[in-house]
Amino acid sequence: AEQGFAAAQYSLGRAYDQGEGVPQSYERAFELYKLGEAQGHAMATNSLGWCYDDGKGVDQSAAEARRLYELAVARGEVKFAPGHLQRLNERTQQYCPLLGQR
């Protein structure tokens, strides 16, 4: 991760996110996901979106979460990002029906 490998940054971010082998730190996970995302890593992009979606390690922002989920899909992350995006859109429509429409 220190050498700038996006996959390692994502993996270490996940370890901090889950507290696996390191003390749990959403802030450190966010930083590592952001480094991986900047290099185009699709899973890091999705996980960064999740941080914004849940407000873990960063102030919550549905707009930024949506942007990152869409970018993750565009980068080829099709296992988790589409479902996260769908749930975000459903929550948006539930609280403000007009904002949920595209």
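All of the points below concern the structure found in this document.

## What about the layout of surface pockets?
Estimates place the volume of the largest pocket at around 200 Å³. If you trace the largest pocket, you find it lined by Tyr10, Arg14, Asp17, Gln18, Tyr33, Met43, Asn46, Ser47, Trp50, Lys56, Phe80 and His84. The class makeup of the residues in the lining of the largest pocket is 5 nonpolar, 4 polar and 3 charged.

## With respect to the side chain of Ser25
One can find Ser25 in the loop between helix H1 (6-18) and helix H2 (26-38). Non-local contacts of Ser25, meaning those with residues more than four positions away in its chain, are made with Tyr16 and Asp17.

## Some details on the pattern of salt bridges
Under the criterion given, the structure shown has 5 salt bridges. Between Asp54 and Lys56 there is a salt bridge, and its shortest N-O distance comes to 4.0 Å.

## Details of the packing of aromatic side chains
Considering all chains together, one arrives at 2 aromatic pairs under this definition. For the pair Phe30 and Tyr52, a centre-to-centre distance of 5.6 Å together with 75° between the ring planes defines the contact as edge-to-face. Of this pair, Phe30 sits in helix H2 while Tyr52 is found in helix H3 (residues 42-54), placing the two residues 22 residues apart along the sequence. With respect to burial, Phe30 and Tyr52 carry one shared label: buried. The residue whose ring lies beneath Arg28 is Tyr16, and the NZ or CZ to ring-centre distance is 6.0 Å.

## Considering the packing of helix H4 (residues 62-74) against helix H5 (residues 81-95)
The N-to-C vectors of H4 and H5 enclose an angle of 150°; their axes lie 9 Å apart at closest approach. Overall, the two elements H4 and H5 adopt an arrangement that is roughly antiparallel. The handedness of the crossing between H4 and H5 comes out as left-handed. Residues Ala62, Ala65, Arg66, Tyr69, Glu70, Ala72 and Val73 of H4 form the contact with H5, whose own contacting residues are Ala81, Pro82, His84, Leu85, Leu88, Asn89 and Thr92. In terms of residue class, the contact of H4 with H5 is made up of 9 nonpolar, 3 polar and 2 charged.

Calculation criteria
Residues numbered from 1 in each chain as written. Predicted model: local features only at pLDDT ≥ 70, side-chain atom pairs only at ≥ 80, totals over all residues. Heavy atoms only, no water. 1 Å grid on protein atoms, 1.4 Å probe; cavity = no way out; pocket = protein on both sides within 12 Å on 5 of 7 lines; lining within 4 Å. Points joined across faces, edges and corners; volume = space filled by probe spheres on them. Nonpolar A, V, L, I, M, F, W, Y, C, P; charged D, E, K, R; others polar. Helix = DSSP H or I, 4+ residues; strand = E, 2+ residues; numbered from the N terminus. Contact = heavy atoms within 4.5 Å. Salt bridge = Lys/Arg side-chain N within 4 Å of Asp/Glu carboxyl O. Phe/Tyr/Trp six-rings, centres within 6.5 Å; stacked < 30°, edge-to-face > 60°. Buried < 20%, exposed > 50% of the residue type's maximum accessible area, 1.4 Å probe, protein only. Lys NZ or Arg CZ within 6 Å of the ring centre and 35° of its normal. Axes fitted to C-alpha atoms, helices over the stretch in contact; angles between N-to-C directions. Parallel < 35°, antiparallel > 145°, perpendicular 65-115°, else oblique. Left-handed = near helix turned anticlockwise from the far one by under 90°.

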